[in-house]
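# Coordinates in review
Letter by letter, the chains look like this.
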Amino acid sequence: MNDDEAIVEPSRLAELTETWRATDPAFAGWAKGYGPIHHDDLVQWRIHGLIERLTAEGRSSDLVPPYTLLAAADRLAAAGIWLTVHQTYAARVHLDGRPLAGEDFKRDPQGHLGGALNIVPGYVGYLTANAMTGQTRSWVAGQGHTVGAIDSVNLLVGNVSAAHAARYDVSETGLTRFVCDFYSAALDDRGQQDSPVGSHVNAHTAGGISEGGYLGFTELQYVHMPLPGEQLVAFLSDGAFEEQRGSDWAPRWWRPTDCGLVAPIMIANGRRIDQRTTMAQSGGIDWFVHHLQLNGFAPIVFDGTDPAAFVWAILEMERCEEEAGRTWRRHPVPPYTIRLPYGVAVAPKGHGFYGEGTNPAHNLPLPGNPRLDAGARALFNEWAHRSWVPPADLSCVLGHFQGHGTSGRPRERDHALAVRDVHLTHDVEAPARPVPTDRRARGTWTHASPMRAVDDGFLALVEANPQLRPRVGNPDEMRSNRLTRTLAALQFRVTDPEPGMPESVDGAVITALNEEAIVAAALANKGGINLVATYEAFGAKMQGSVRQEVIFANHLREAGRPPGWLSVPLVLTSHTWENAKNEQSHQDPVMVEAMLGERAPGSRVLFPADYNTAAATIAGVYRTQGEIWTMVVPKEAHLPDLFSADDAHTLLDAGAIDLSFARHRAENAAIVLTAIGAYQLGEVLTASVRLAERDVPHRVIYMLEPGRFRAPRSADEATLAADSALVARLWPASAPARIFVVHTRPETMLGILGPLHSGPTTVGLGYTGAGGTLDVGGLLWINHCTWAHVLRATARVAALDEATMLTADERAALDGRCNPTGIVVRAPRT
């Protein structure tokens, strides 16, 4: 129960609201509601108090009288319900409200109607709160499949993207085309999706910033989205609450000092697709309120069928946060104890249409297809008519939501989060390490951890760009993964810092043993500068969240609105080969392979091999926008410095480079050894030394970014494709023997590098799925990609005598006839 409900008895509420209705015609006119929109005594009491407060504060607005605006919101919500049910079922719209005939319905109705109907009053409440205060808030929807309602309301009020504006208007013709485009699945003359209306939030949804196709990720992200001075309304779902429990930690991350105002609102309709939610089974709203309180929230329960209740909840949550922020700033002494407001909008699923509150409401609530079923048709016409607003009334209503010019605020399609355009003020890099000229001479190598370059480079950029809010997402082991300087400077965000630890109430490092939660902190901070670092094997837990970002960013590019947030590095370290000691659970390159499968430029995958290549790569990330750079970076402290700073930049620009110091009689070479990955390069270089000793002509290539050598799958990928002259020079037709030694599974990488194949003389070595408790050499051995395996493969594809390449003992080890330790595999260090 909310505090105000406990203070005011129901009988007193009824008495007060009756008095206000009798003495204030404007209040009474709104209080009557409209169609399926009703206002109970509690909502009326809350709204009366809200209007008094806003008036006393002199808050600006779009200059529409508040009760006139609220009455318009009732009719807009009703019209939104009316149009949304037409989207699912109808092939024709009659603005005059007359019944539809059988042929006016779709042959194959589609849509997530229940969830869409539940967000109509919420989205209308959001628009109304903006108009009432003269402020355009941002919004995000965790259930992207409710987009039908959002698109419908946006179309009615003229808050549309360019694609929608060119195709639809509020006429019978425009609305008919709009509902027919919903789930039309038609292709245009270019073979692309014809309709700009999607089944989920897409690049043409006005103000859309996330597809919402993966339930639960918005719940993790919303708290990190707005910058100070910004406001966000996040529509969440009780079904998604089951997906990602890291959302319970939002109060631990929100700070009035570096976060904007957030109004998280769960649409609590109690049902998923097939049954009640676990929340409903566990005790319902009372159980959830207790759960929220235990986790540091201040829950506010309200009527989720009433747009006015949403208006009150949004503004009340903002008021609470502003007051708590002022108190904290006056006395910022740990422990941090601010409770984050959280709205719980209670509604039957599919409110406003037949079947509300039942399981069929999720998708198609009618008992049959109204095109073929007269009973279903009668039900549709009856329930749709309850929400119908006469055209003359509707036209007047819609004007009340188009006063943006009066208050000088942007339209909701252009809210702050939707128009991010972030650039570095200063572009800096980690200092380059000197590299010996004679890199073949024994003992001349210098050594460093590539992760130190990531640490140095990221922190340098953060310190040079103090206007950008930093966020580091890390599930564990910042220090062991060598992000020590970043941690010391930015510190873990905690509520009660432990003495002597790198912890702070306002720390910028978000750490929890939950990969989905920590990657959300960086992906959501689109107005700042970000980094994510994790064990490679556990990066797979982030895939859904990262993939959603890549998809949406690429779709924005295709729509002509490229994303403007700084690209984010996903640093996979303590990687497959370095985790040789930790069993196969820690030995998995699947995240890299998955990200290679996603389309560039949204997804790019790179394999820095030493300090300078890591330094060039981490700096390169932030010169781009709207991309996820998956970086596989070794943390080993003693990896040799192989590339000069100039080499590293050439490698970043080109995608691959010829190692001149590892050539042998290159002009006659029929053999090209290509390495992808630091440890793979080490094995290839060892094999190269033996080939040179045997006077076998060959060349060694290091490939940093394999995706640039694939056959482009889109026009955007073609712009990143490696130069054809470079490809011809590195893998000439005169060198048909091609051995690829790769960090990933060889089958995956060879598939990506199809254009570089030379037929049966191409072979790939890499991770074969073998693992255990080993060392690096042992893991390389059991996966058949040591230097000796490279030589055996080379002899086979180049038709060389293996006996001239390998000693008898080495061949015996490769054949499994003797222990390879000390022969092929270096003995483990003690």
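Presented here is an overview of the structure given in this document. (Residues numbered from 1 in each chain as written. Predicted model: local features only at pLDDT ≥ 70, side-chain atom pairs only at ≥ 80, totals over all residues. Heavy atoms only, no water.)

What follows covers the packing of helix α21 (residues 543-558) against helix α22 (residues 590-597). One can describe the packing of α21 onto α22 by two numbers: an axis separation of 11 Å at closest approach and a directional angle of 20°. Classed by the angle they form, the pair α21 and α22 counts as roughly parallel. The hand of the α21/α22 crossing is right-handed. Taken together, the residues of α22 that come into contact with α21 (itself represented by Q543, V546 and V550) are M591, A594 and M595. (Axes fitted to C-alpha atoms, helices over the stretch in contact; angles between N-to-C directions. Helix = DSSP H or I, 4+ residues; strand = E, 2+ residues; numbered from the N terminus. Parallel < 35°, antiparallel > 145°, perpendicular 65-115°, else oblique. Left-handed = near helix turned anticlockwise from the far one by under 90°. Contact = heavy atoms within 4.5 Å.)

Secondary-structure assignment places E429 in the loop between α17 (404-407) and β6 (447-448). Through-space distance from the C-alpha of E429 to that of A460 is 6.9 Å; in sequence the pair is 31 residues apart. Apart from the residues lying within four places of it in its own chain, the contact partners of E429 are A615, A616, A619, R623 and H649. Here the side chain of E429 touches R623 through a polar contact of 2.9 Å, side chain to side chain. Engagement of the side chain of E429 in a polar contact is seen with the side chain of H649, the distance being 3.1 Å. (Polar contact = N/O pair within 3.5 Å; in protein donor to acceptor, adjacent residues only side chain to side chain.)

What follows deals with the side chain of T613. Summarising the element assignment, T613 is placed in helix α23 (residues 611-621). Taking the relative accessible area as the measure of exposure, T613 reaches 2% and is therefore buried. With sequence-adjacent residues up to four places away left out, T613 is seen in contact with P608, F643, A648 and L651. (Buried < 20%, exposed > 50% of the residue type's maximum accessible area, 1.4 Å probe, protein only.)

Before going further, it helps to examine the sheet that holds strand β1 (residues 138-141). On the basis of which strands lie adjacent, the open sheet formed by five strands has the order β1-β2-β3-β5-β4 and parallel pairing. Edge positions in the sheet fall to β1 and β4 (297-303), since each has one partner strand and no second. On average, each strand axis in the sheet is inclined to that of its neighbour by 20°, with strand direction left out of account. Pairing analysis gives seven bridges linking β4 to strand β5 (residues 340-346), with the strands arranged parallel. The partner of P299 across the bridge, within β5, is Y342. Strands β2 (231-237), β3 (261-268), β4 and β5 of the sheet are contacted by helix α14 (residues 307-330), whose axis makes an angle of about 140° with β3. (Pairing = 2+ DSSP bridges.)

A few words on the sheet that holds strand β19 (residues 737-742). On the basis of which strands lie adjacent, the open sheet formed by five strands has the order β16-β18-β17-β19-β20 and mixed pairing. At either end of the open sheet lies a strand with only one pairing partner, and these are β16 (656-658) and β20 (762-765). If you compare each strand with its neighbour and ignore which way they point, the axes differ by 20° on average. By the bridge criterion, six bridges tie strand β17 (residues 671-676) to β19 in an arrangement that is parallel. Pairing of I671 across the sheet is with A737, part of β19. Where helix α24 (residues 645-654) meets the sheet, it contacts β16 and β18 (699-703), and its direction lies at approximately 130° from that of β16. Here helix α30 (residues 787-797) sits on the sheet in contact with β17, β19 and β20, set at roughly 165° to β20.

Let us now look at the side chain of T146. Within the element layout of this structure, T146 appears in the loop between β1 and α7 (147-157). By relative accessible area, T146 is classed as buried at 1%. Separated by 2.7 Å, the side chain of T146 and the backbone oxygen of Q143 make a polar contact. When sequence neighbours within four positions are dropped, the list of residues in contact with T146 reads G115, A116, I119 and A141.

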